Amino acid sequence: MGIKSYARARAIHAMLVYTGGCNGCDIEIVNAVFSPKYDAEQYKIFLTWNPREADVLIVTGPVTKQNKKPLKEIYKAIPEPKLVIAAGACALMGGVYKNIHGDIPSEEIAGPVEEIIPVDAKIPGCAVRPEDVLARAVSALPKLLEAK
Amino acid sequence: MDKNVIETEITMGTVHSAAIEPYRVRLFVEDEIVKDAEITVGVNHRGVERIMEGLPVEKANSLTEKICGICSGVHLWNSVLVAEKGLEVEIPERASYIRIIVAELERIHSHLLYLAHGNEVLGHETFSMRLFYIRETVMELLRMIGGNRVQYGVPIIGGIRPRAELDEMKVQKIREGIDYIRGKVKEFADRFTSDTMIMSRITGVCPLSRKDALRLAVTGPTLRATGVEFDTRKEMECYDPFEFDVITQDDGDVKSNLFVRVFEVFESAKIIKQALKNLPEGAVVDRSWEMQDTDITKSYVEAPRGTLYHSYALEDGRVRNVVIRTPSIANIGAMQYALIGHHITDAQLGIVQCDPCFACTDRAIEIIKRR
């Protein structure tokens, strides 16, 4: 284990990007997982809002067309090695906004996330359950730590 | 103009570390005093009204729940009310009571989220985390009732989902949960108000005058914080059996906004207590209604953030001419006006005090020029 992965194993910073979902997944992730009840910090996962500090990018929402460019730029700004977790039904397959429509389909959705940036782990659910977020995030971490 | 005064423009967004949701704020600053502010939305416009057009009414109703992840239940409730008004469906009384219990639980969790987020912006993370912990109780109650923490989907046309029926054990759990929340929020309010540092930080910061609030058509707790006694719940028939007060404060500043929400948590707890005490017996859903074509029907509901409006017409069981007006879109004006004339460090607080929810806000709007 190099010095970088040694340090990283003790403080993993996750950044959340909201790309136009309904707010449900974001609030579940920010306010449930990082709040005292589920408490991701006990697994040494911390929340940050700075892409240059982040190791893990959590993306929620179906990625609206206006959000496509900022998402790519945020992805570029995160230093290597990095991990992308797509959280929620919208991030995985566009959710109800892309797949359900009456007469006219929605023209606003550029997603799902996979088509824009590479995704390493997926969390299903509408909205995601905090237990799932923790389990998936922790199980995806070895990939990050083994990278040189 | 004085040459020594430096005029700058500070732009935040659309993705910014200080704001969880994507929106764009432009602050025009002179000597650290905000002279003008501009908030732009439109980044997370998904066009829910457009994709609802032509869907069967049941499907369209469940789609409205996906407009917002905080007040999802109220959106669904209002959309169902539109259909029920149009089709003249009478719902069982027990269903109406359970709908109100869910709506008030949602108001409690939304207000606790607001208080916690406000404390986070104030820099008081301990209070913020404690409030998030209290909020988890409500989320667990909602999961127990509807089966999901965020999209619980209780109302359907004709009543409520049979899954959300309350038995004796669930009633007891809700009662215990409400007692716990009421006690904890009271303790929080006592500690919060006795902290002189916090009180001096929030008193008189970013006030919105009553005149401006009425001119900008601000709704909900943000309007009540300026002293206007207006609550859509008082005009709704289903709230008639319940006794509760409309909370108002005078100043319209951050302090008033926080206090209105704290007191509203107690009022919601009062309504839930009354509903659980007088819960009528009987069926929870009446499926004997028949589909027919209707004209455009309107419905107003008090969402946690203010008056929510839905309207649509029915044609062959399909939804036409959908219009949704969320309370947050009216409150954007309040956010912009509250910032003007105040210090730049108060700007984030001034935006947060109006309880922004930009997932709700991104509606298609048509601006009509008046002569």
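You'll find the structure just up there.
Residues numbered from 1 in each chain as written. Chains lettered and ligands numbered in written order. Predicted model: local features only at pLDDT ≥ 70, side-chain atom pairs only at ≥ 80, totals over all residues. Heavy atoms only, no water.

S.K.: Account for the overall build of chain A, naming residues and giving values.
M.R.: What chain A contains, in helices and strands, is 6 helices and 5 strands. Each helix (α) and strand (β) of chain A, taken in turn from the N terminus, gives the series α-β-α-β-β-α-β-α-α-β-α. Its C-alpha atoms give chain A a radius of gyration of 15 Å, near enough to 15 Å, the size a compact globule of 148 residues would have. Taken over the C-alpha atoms alone, chain A extends approximately 55 × 30 × 20 Å along its principal axes. Within chain A, the proportion of its 148 residues that are buried is 56%. Here the contacts in chain A between residues at least 6 apart in sequence split such that 78% fall between residues at least 24 apart. Accessible surface, chain A: about 6,500 Å² in total, of which carbon and sulfur atoms supply 53%. (Helix = DSSP H or I, 4+ residues; strand = E, 2+ residues; numbered from the N terminus. Rg over C-alpha atoms; globule rule 2.2 N^0.38 Å. Buried < 20%, exposed > 50% of the residue type's maximum accessible area, 1.4 Å probe, protein only. Contact = heavy atoms within 4.5 Å. Areas by Shrake-Rupley, 256 points an atom, 1.4 Å probe, with all protein chains shown as cover.)

S.K.: Account for the pairing of strand β3 (residues 33–40) of chain B, with residues named and values stated.
M.R.: Residue and element names in this part refer to chain B. The pairing of strand β2 (residues 24–30) with β3 spans 7 bridges and is antiparallel. Across the sheet, residue Val25 finds its bridge partner in β3, namely Ile39. In this antiparallel pair of consecutive strands, β2 and β3, the connection spans 2 residues, and Asp31 shows a positive phi of 55°. (Pairing = 2+ DSSP bridges.)

S.K.: Explain the interface of chain A and chain B to me, using residue names and the numbers behind them.
M.R.: Taken together, the contacts link 38 residues of chain A with 40 residues of chain B. With both chains or domains summed, chain A and chain B bury close to 3,400 Å², and 61% of this area falls on carbon and sulfur atoms. Counting across the chain A and chain B interface gives 15 residue pairs in polar contact (both at pLDDT 80 or more). Elements supplying a minimum of two residues to the side of chain A that touches chain B: α2 (24–33), α3 (68–77), α5 (95–99) and α6 (130–146) of chain A. In terms of residues, the side of chain A that touches chain B owes the most to one element, α2 of chain A, which gives 5 residues. Counted by class, the side of chain A that touches chain B contains 19 nonpolar, 12 polar and 7 charged residues. (Buried area = accessible area lost by both parts, 1.4 Å probe. Polar contact = N/O pair within 3.5 Å; in protein donor to acceptor, adjacent residues only side chain to side chain. Nonpolar A, V, L, I, M, F, W, Y, C, P; charged D, E, K, R; others polar.)

S.K.: Describe the packing of aromatic side chains, and please don't skip the residues or the numbers.
M.R.: All names here are of chain B. What the rule picks out here adds up to 9 aromatic pairs over all chains. A centroid spacing of 5.3 Å and a plane angle of 80° characterise the contact between Phe127 and Phe188, whose relative ring orientation is edge-to-face. Taken together, the residues Phe127 in helix α5 (residues 125–146) and Phe188 in helix α6 (residues 168–193) connect sequence positions 61 residues apart. Like Phe188, Phe127 is buried. Ring geometry for Tyr239 against Phe242: centres 6.4 Å apart, planes inclined by 65°, an arrangement best described as edge-to-face. Phe242 matches Tyr239 in its accessibility class, with the two residues each being buried. Here the aromatic residues Trp77, Tyr97, Tyr239, Phe242 and Phe244 are joined through ring pairs into a cluster of three or more. (Phe/Tyr/Trp six-rings, centres within 6.5 Å; stacked < 30°, edge-to-face > 60°.)

S.K.: Give me the side chain of His310 of chain B: which residues, what numbers.
M.R.: All names here are of chain B. If you trace the backbone, His310 turns up in strand β7 (residues 306–315). Assessed through its relative accessible area of 1%, His310 is described here as buried. A polar contact of 3.3 Å, which involves the side chain of His310, links it to the side chain of His75. In contact with His310, not counting residues within four places along its chain, are Thr64, His75, Asn78, Ser79, Val82, Thr297, Lys298, Ser299, Val323 and Ile324.

S.K.: Account for the pattern of salt bridges, naming residues and giving values.
M.R.: Following the criterion strictly, the structure yields 33 salt bridges over all chains and no others. With its nearest N and O atoms 4.0 Å apart, the salt bridge here joins Glu140 of chain B to Lys37 of chain A. Within this pair, whereas Glu140 of chain B is found in helix α5, its partner Lys37 of chain A is found in the loop between α2 and β2 (45–48), the two belonging to separate chains. Looking at Glu140 of chain B, the relative accessible area reads 25%, which means it is partly exposed. (Salt bridge = Lys/Arg side-chain N within 4 Å of Asp/Glu carboxyl O.)

S.K.: So what about the packing of helix α2 (residues 57–64) of chain B against helix α3 (residues 72–87) of chain B? Which residues, and what values?
M.R.: Residues and elements named next belong to chain B. In contact at an axis separation of 7 Å, α2 and α3 are set at 150° when each is read in the N-to-C sense. The angle between α2 and α3 falls in the class roughly antiparallel. Handedness of the crossing formed by α2 with α3: right-handed. For the pair α2 and α3, contact is made by Val57, Asn61, Ser62 and Thr64 and by His75, Leu76, Ser79, Val80 and Ala83, respectively. Of the residues contributing to the contact of α2 with α3, the split by class is 4 nonpolar, 5 polar and no charged. (Axes fitted to C-alpha atoms, helices over the stretch in contact; angles between N-to-C directions. Parallel < 35°, antiparallel > 145°, perpendicular 65-115°, else oblique. Left-handed = near helix turned anticlockwise from the far one by under 90°.)

S.K.: Kindly report on the packing of helix α4 (residues 93–122) of chain B against helix α10 (residues 254–277) of chain B, identifying the contributing residues and their values.
M.R.: All names here are of chain B. Viewed as axis vectors pointing N to C, α4 and α10 meet at an angle of 155°, and their least axial separation amounts to 9 Å. As judged from the angle between their axes, α4 and α10 are roughly antiparallel. Crossing handedness for the pair α4 and α10: left-handed. Between α4, through Tyr97, Ile100, Ile101, Glu104, Leu105, Arg107, Ile108, His111, Tyr114 and Leu115, and α10, the contact on the second element is made entirely by Asn257, Leu258, Arg261, Val262, Glu264, Val265, Ser268, Ala269, Ile271, Ile272, Ala275 and Leu276. Broken down by class, the residue content of the contact of α4 with α10 amounts to 15 nonpolar, 3 polar and 4 charged.

S.K.: Please give an account of the sheet that holds strand β6 (residues 294–303) of chain B that cites residues and values.
M.R.: Residues and elements named next belong to chain B. Strand order in the open sheet made by the 3 strands is β6-β7-β8, with antiparallel pairing throughout. Whereas interior strands pair on both sides, the edge strands pair on one side only; in this sheet they are β6 and β8 (318–325). Strand-to-strand twist of the sheet, defined as the mean angle between neighbouring strand axes without regard to direction, takes the value 20°. Sheet topology note: the β6/β7 ladder contains 8 bridges and is antiparallel. Its bridge partner being in β7, Glu302 is matched across the sheet by Thr307. Contacts between α3 and the sheet are confined to β6, β7 and β8, with β6 contributing the most and set at about 145° to the helix.

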